[in-house]
Amino acid sequence: MEFVMLSAVRKGAEGFGERNEYHMVLQLRQIFEIEGQKLNFDEQIPLSELENSPLHEAFAAPLHIKGCVYNRAGVVALEYTVSALLDQECDRCLKAFQREYDVEASHTVVKELAAADADDENGSEYDDYIVCPENTLDMNELAVTDLLMEMPSKILCKEDCKGLCMSCGKDLNDGACDCQN
Ligand SMILES: [Zn+2]
Ligand SMILES: [Zn+2]
């Protein structure tokens, strides 16, 4: 029994002329159909595949995705870690630095959301749901989305970064300036 469950497919990228993107796509048909089915993956998503994604200018290395998708008693779950190395700039002192992120994410994967469930007032309950009507799951897009969700709203080179002096622009991490005197 041989299944091709993980494949890179070529997608014409809309609005970018001749450029094409390669997407890491999980093929989920057998996973949906057969209880107990499990697919492990451990893949690199090259930078060339991420040119049209948010953050693309910040990626300093290929994204690494590692985890599994499995069917337990008819419920399909995806659990994985996305690891990324990003070029960042401190919001306070403007210093450039690189930081590694390891984001663990888990989702319930469904072919469709039941209408009654989707109307539930606790809509947030479904935030972790991924709907895959075509039995395919685009990991490029999901990995970047999950990464973005975990990014702090303020990027700091270190937690207690003192930032720049508003008057003279000196990096106060290197010592106080004379403005306060
Ligand atoms: Zn800083
Ligand atoms: Zn100053």
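See the structure printed just above.
Read on for an overview of the structure. Here the structure is a predicted model, which means the values were calculated and not measured.

Definitions and cut-offs
- Residues numbered from 1 in each chain as written.
- Chains lettered and ligands numbered in written order.
- Predicted model: local features only at pLDDT ≥ 70, side-chain atom pairs only at ≥ 80, totals over all residues.
- Pairing = 2+ DSSP bridges.
- Helix = DSSP H or I, 4+ residues; strand = E, 2+ residues; numbered from the N terminus.
- Buried ≥ 20, exposed ≤ 12 C-beta atoms within 10 Å, placed from the backbone.
- Core = buried A, V, L, I, M, F, W, Y, C linked by C-beta atoms within 7 Å.
- Axes fitted to C-alpha atoms, helices over the stretch in contact; angles between N-to-C directions.
- Contact = placed C-beta atoms within 7 Å.

## Here we look at the pairing of strand E4 (residues 63-72)
Part 1 of the reasoning: Taken together, the 8 bridges between strand E3 (residues 38-45) and E4 define a ladder with antiparallel strand orientation. Across the sheet, residue Leu-39 finds its bridge partner in E4, namely Val-69.
Part 2 of the reasoning: Two strands pair when backbone bridges link them, and E4 and strand E5 (residues 75-89) are joined in this way by 9 bridges, in the antiparallel orientation. Looking at E5, one finds that Ile-65 is bridged to Val-82.

## Things to note about the environment of Pro-46
Part 1 of the reasoning: Of note, Pro-46 is situated in the loop between E3 and E4.
Part 2 of the reasoning: With 14 C-beta atoms counted inside 10 Å, the residue Pro-46 sits in the partly exposed group.

## Topic: unusual backbone geometry
Excluding glycine, a negative phi dihedral is what most residues carry, and trans is how most peptide bonds are arranged.
Part 1 of the reasoning: For Leu-55, which is not glycine, the phi dihedral falls at a positive 75 degrees.
Part 2 of the reasoning: Within the secondary structure, Leu-55 sits in the loop between E3 and E4.
Part 3 of the reasoning: Non-glycine residue Ala-73 carries a positive phi angle of around 50 degrees.
Part 4 of the reasoning: Position of Ala-73 among the secondary structure elements: in the loop between E4 and E5.
Part 5 of the reasoning: Its 6 C-beta neighbours within 10 Å are what place Ala-73 among the exposed residues.

## A closer look at the nonpolar core
Part 1 of the reasoning: One finds Leu-63, Ile-65, Val-69, Val-82, Met-139 and Ala-143 to be the most contacted residues of the largest nonpolar core, which totals 22 residues.
Part 2 of the reasoning: Counting residues per element, this core draws most heavily on E5, which supplies 5 residues.

## Quick notes on the sheet that holds strand E7 (residues 129-131)
In sheet architecture, strand pairing relies on hydrogen bonds along the backbone and comes in two forms, parallel and antiparallel.
Part 1 of the reasoning: Spatially, the 5 strands line up as an open sheet ordered E3-E4-E5-E6-E7, and their pairing is mixed. Bordering the open sheet on either side are E3 and E7, each of which pairs with just one other strand. Averaged over all pairs of adjacent strands, the angle between their axes in this sheet comes to 30 degrees, without regard to strand direction.
Part 2 of the reasoning: Taken together, the 3 bridges between strand E6 (residues 96-110) and E7 define a ladder with parallel strand orientation.

## Digging into the environment of Glu-79
Part 1 of the reasoning: The residue Glu-79 is located in strand E5 in this model.
Part 2 of the reasoning: With 12 C-beta atoms packed within 10 Å, Glu-79 lands in the exposed category.
Part 3 of the reasoning: As for Glu-79 and Val-69, which are separated by 10 residues in sequence, their C-alpha atoms are 6.3 Å apart.
Part 4 of the reasoning: Every residue in contact with Glu-79, bar those within four places of it in the chain, is listed here: Gly-67, Cys-68 and Ser-106.

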